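Tertiary structure, described
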Amino acid sequence: QVQLVESGGGLVQAGDSLRLSCAASGRAFSACTVSWFRQAPGQEREFVAVIDHNTVSTLYADSVKGRFTISRDWAKDTAYLQMNSLKPEDTAVYYCAAVQRSLRNINAALDREYTSWGQGTQVTVSS
């Protein structure tokens, strides 16, 4: 069992940066592939970034590539999403998700692959 809690969202202006955190509980977290998704009002949840269980591999959606960085801290059982050069289009509720599967064996961009989800944290970028 893995429980996830996101934090770090807020209201910022275009061009600003935010660092989201996903605090996990459960000893299986270190074996999990972890992703960030986001959902804007009236839209379906979309994939943002993923990191594998040993941090060897990461993947990003084209819309955030070069601006966002996913990472994880083993000692703190926490995953992060560093968001730079934020745009109004980035406004959404951001969720972290985890699954005890290898990144090489899942389609990371599909939300159905994940068994654990956080409650979400709101990110609003003003124009």
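Residues numbered from 1 in each chain as written. Predicted model: local features only at pLDDT ≥ 70, side-chain atom pairs only at ≥ 80, totals over all residues. Heavy atoms only, no water.

**Structural notes on the pattern of salt bridges**
- Enumeration according to the criterion identifies four salt bridges in this entry.
- With a closest N to O distance of 2.8 Å, Glu 46 and Arg 38 form a salt bridge.
- For the salt bridge of Asp 62 with Lys 65, the shortest nitrogen-to-oxygen distance reads 3.1 Å. Each member of the pair, Asp 62 as well as Lys 65, carries the same accessibility label: exposed.
- One continuous salt-bridge network, built from bridges that share partners, spans Arg 38, Glu 46, Arg 67 and Asp 90. (Salt bridge = Lys/Arg side-chain N within 4 Å of Asp/Glu carboxyl O. Buried < 20%, exposed > 50% of the residue type's maximum accessible area, 1.4 Å probe, protein only.)

**Some details on the packing of aromatic side chains**
- One pass over the full model with this rule turns up four aromatic pairs.
- Where Phe 37 meets Tyr 114, the ring centres are 5.5 Å apart and the plane angle is 75°; that geometry is what we call edge-to-face. Placement of Phe 37 in strand S4 (residues 33-39) and of Tyr 114 in the loop between strand S9 (92-99) and strand S10 (116-117) is noted, with a sequence separation of 77 residues between them.
- Look at Phe 37 and you get buried, because its relative accessible area is 1%.
- Geometrically, the ring pair formed by Phe 37 and Trp 117 is tilted, given 5.2 Å between the ring centres and 55° between the ring planes. Of the two residues, Phe 37 sits in strand S4 while Trp 117 sits in strand S10, which places them 80 residues apart along the sequence.
- The class for Trp 117 is partly exposed, based on a relative accessible area of 26%.
- Here Arg 45 stacks its cationic end above the ring of Trp 117, 4.6 Å away from the centre of that ring. (Phe/Tyr/Trp six-rings, centres within 6.5 Å; stacked < 30°, edge-to-face > 60°. Helix = DSSP H or I, 4+ residues; strand = E, 2+ residues; numbered from the N terminus. Lys NZ or Arg CZ within 6 Å of the ring centre and 35° of its normal.)

**Concerning the sheet that holds strand S1 (residues 3-7)**
- One open sheet accounts for four strands, arranged S1-S3-S8-S7; its pairing is antiparallel. Here the strands that pair on one side only, and so sit at the sheet edges, are S1 and strand S7 (68-73). Within this sheet the neighbouring strands show an average axis-to-axis angle of 15°, counted without direction.
- Sheet topology places S1 next to strand S3 (residues 18-25); five bridges connect them, and they run antiparallel. Following the sheet pairing, Val 5 is matched in S3 by Ala 23. (Pairing = 2+ DSSP bridges. Axes fitted to C-alpha atoms, helices over the stretch in contact; angles between N-to-C directions.)

**A closer look at the pairing of S4**
- Most of S4 sits out of view: six of its seven residues are buried.
- Of the pairings in the sheet, the one linking S4 to S9 comprises seven bridges and is antiparallel in character. Bridge pairing links Val 34 to Ala 98 in S9.
- The pairing of S4 with strand S5 (residues 46-51) spans five bridges and is classified as antiparallel. When the sheet's bridge partners are listed, Phe 37 is paired in S5 with Phe 47.
- From the end of S4 to the start of S5, which pair antiparallel, there are six residues, and Gly 42 there has a positive phi angle of about 75°.

Distances and angles like these do not, on their own, reveal function.
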